[in-house]
Amino acid sequence: MPELPDVEGFRRVAAEHVIGRRVTSVRVHDASVVQGVSARRFRELLRGRHVGQPRRHGKWLLLPTSGSAAGEGDGLPCLMVHFGMTGMLLWCSVDADPHQHDRVVLVFTDGELRYRDMRKLKGMVLARSEVDVEAVLGELGPDAGQVSRADLRDRLTRTRRQLKSALMDQSRIAGLGNLTVDETLWRARLHPQRTTKELDESQWKSLYRAMRFVLRESSAAGLVPDRPSWLTGHRDDADGRCPRCSTTLRHQQIGGRTTVWCPHCQSRPQG
DNA sequence: ATGTCTGTTTCCTA
DNA sequence: GTAGGAAACAGACA
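Residues numbered from 1 in each chain as written. Chains lettered and ligands numbered in written order. Predicted model: local features only at pLDDT ≥ 70, side-chain atom pairs only at ≥ 80, totals over all residues. Heavy atoms only, no water.

## Looking at the pattern of salt bridges
Spelled out, the test is: The term salt bridge refers to a pairing of a side-chain nitrogen on Lys or Arg with a carboxyl oxygen on Asp or Glu at a separation within 4 Å. Where helices and strands are cited, they refer to DSSP runs of H or I of at least four residues and of E of at least two residues respectively, numbered from the N terminus. Note on exposure labels: buried denotes an accessible area under 20% of the residue type's maximum, exposed denotes more than 50%, and partly exposed covers the range between, all computed with a 1.4 Å probe on protein chains only.
Scanning the model with the defined rule gives 24 salt bridges in all. Asp-102 is the salt-bridge partner of Arg-116, the closest N and O atoms lying 2.7 Å from each other. You can see Arg-116 sitting in strand β9 (residues 111-117) and its partner Asp-102 sitting in strand β8 (residues 102-108), a full 14 residues away along the chain. According to the relative accessible area criterion, Asp-102 is buried, its value standing at 6%. One salt bridge in this structure joins Glu-201 and Arg-153, with 2.6 Å as the shortest N-O distance. Of this pair, Glu-201 sits in helix α7 (residues 201-221) while Arg-153 is found in helix α4 (residues 149-156), placing the two residues 48 residues apart along the sequence. In this structure Glu-201 comes out as partly exposed when scored by relative accessible area, which is 40%. Residues joined in a network through salt bridges with shared partners are Arg-27, Asp-102, Glu-112, Arg-114 and Arg-116.

The structure is reproduced here in structure tokens:
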């Protein structure tokens, strides 16, 4: 699931329920998702602290904490969460049924924040300092929702990779995933195997505007919507057709990921 | 039962 | 620098 829009949805869940609230207790049901510190230390460091303004960079969600509700300066540690392929963040009542894949739970007085993840492909890091935070985020490019058109172009033209792979590369642009990239390329009418080197000015504009549109709409929904008018609404159809021209969609592994595009709308690479 | 698939990332090889 | 494969993990599905 989780690409930028999904994580943005999780950020809103956290913002709605736990800003300024005190963590009354922490449950670690599966210590293997907690990186760097022991489960015990993890609990000690978070219990009693107050949650600050949740942030997101790419696919990472950051929950800063402070010693009091007022947030008086001691702004660390910061809980950094990555959702891998199947992770999610849920706000539940304290007596909600336990779930097999709830790995870590932050308990508050009026409810609890559950990190649920079936496949434990990633996990969470408890950053103890700004240096810790930067060690994680420093690997990433600018957030896809914040990057300027000029910066996007600059970063993508530094590679000779095909568009699909380049856009998926978190160290170039952070936040795009398999669905958002396919949707963006379809809207920009660009073939996923084209090279960034061959794009002209108008194509860069299209790409950027398509990306902005996809991220804005998807973030509002908290997921890439599978609406009929979107490519994503047809990628799992047995005989998926392009919502624009009804051509049968093409499926192929590109850069190791299932890629869907319209062979009519998205013209092939040169040569 | 076995193999294949999956909205992620990382590590290794050629 | 780049592509491809496998692996981490835990399923669902044919």
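## Description of the protein's contact with DNA strand C
For clarity, the cut-off: The cutoff for a nearby residue is simple: one of its non-hydrogen atoms must lie within 4 Å of the molecule or strand. Any N or O atom pair separated by 3.5 Å or less is treated as a polar contact, with the protein-specific requirement of one donor-capable and one acceptor-capable atom, and with residues adjacent in sequence counted only for side-chain atom pairs. Put simply, Ala, Val, Leu, Ile, Met, Phe, Trp, Tyr, Cys and Pro go in the nonpolar bin, Asp, Glu, Lys and Arg in the charged bin, and everything else, Gly too, in the polar bin.
The full set of residues close to DNA strand C is Gln-100, His-101, Met-118, Arg-119, Lys-120, Leu-121, Thr-159, Arg-160, Arg-161, Gln-162 and Arg-172. Sugar plus phosphate: this is where 56% of the atoms of DNA strand C within 4 Å of the protein reside. One of the side-chain nitrogen or oxygen atoms of Lys-120 is found 3.1 Å away from a phosphate oxygen of DNA strand C. One of the side-chain N or O atoms of Arg-161 is found 3.0 Å from a phosphate oxygen in DNA strand C. Each residue belonging to the surface near DNA strand C can be placed in one class, and the counts come to two nonpolar, four polar and five charged.

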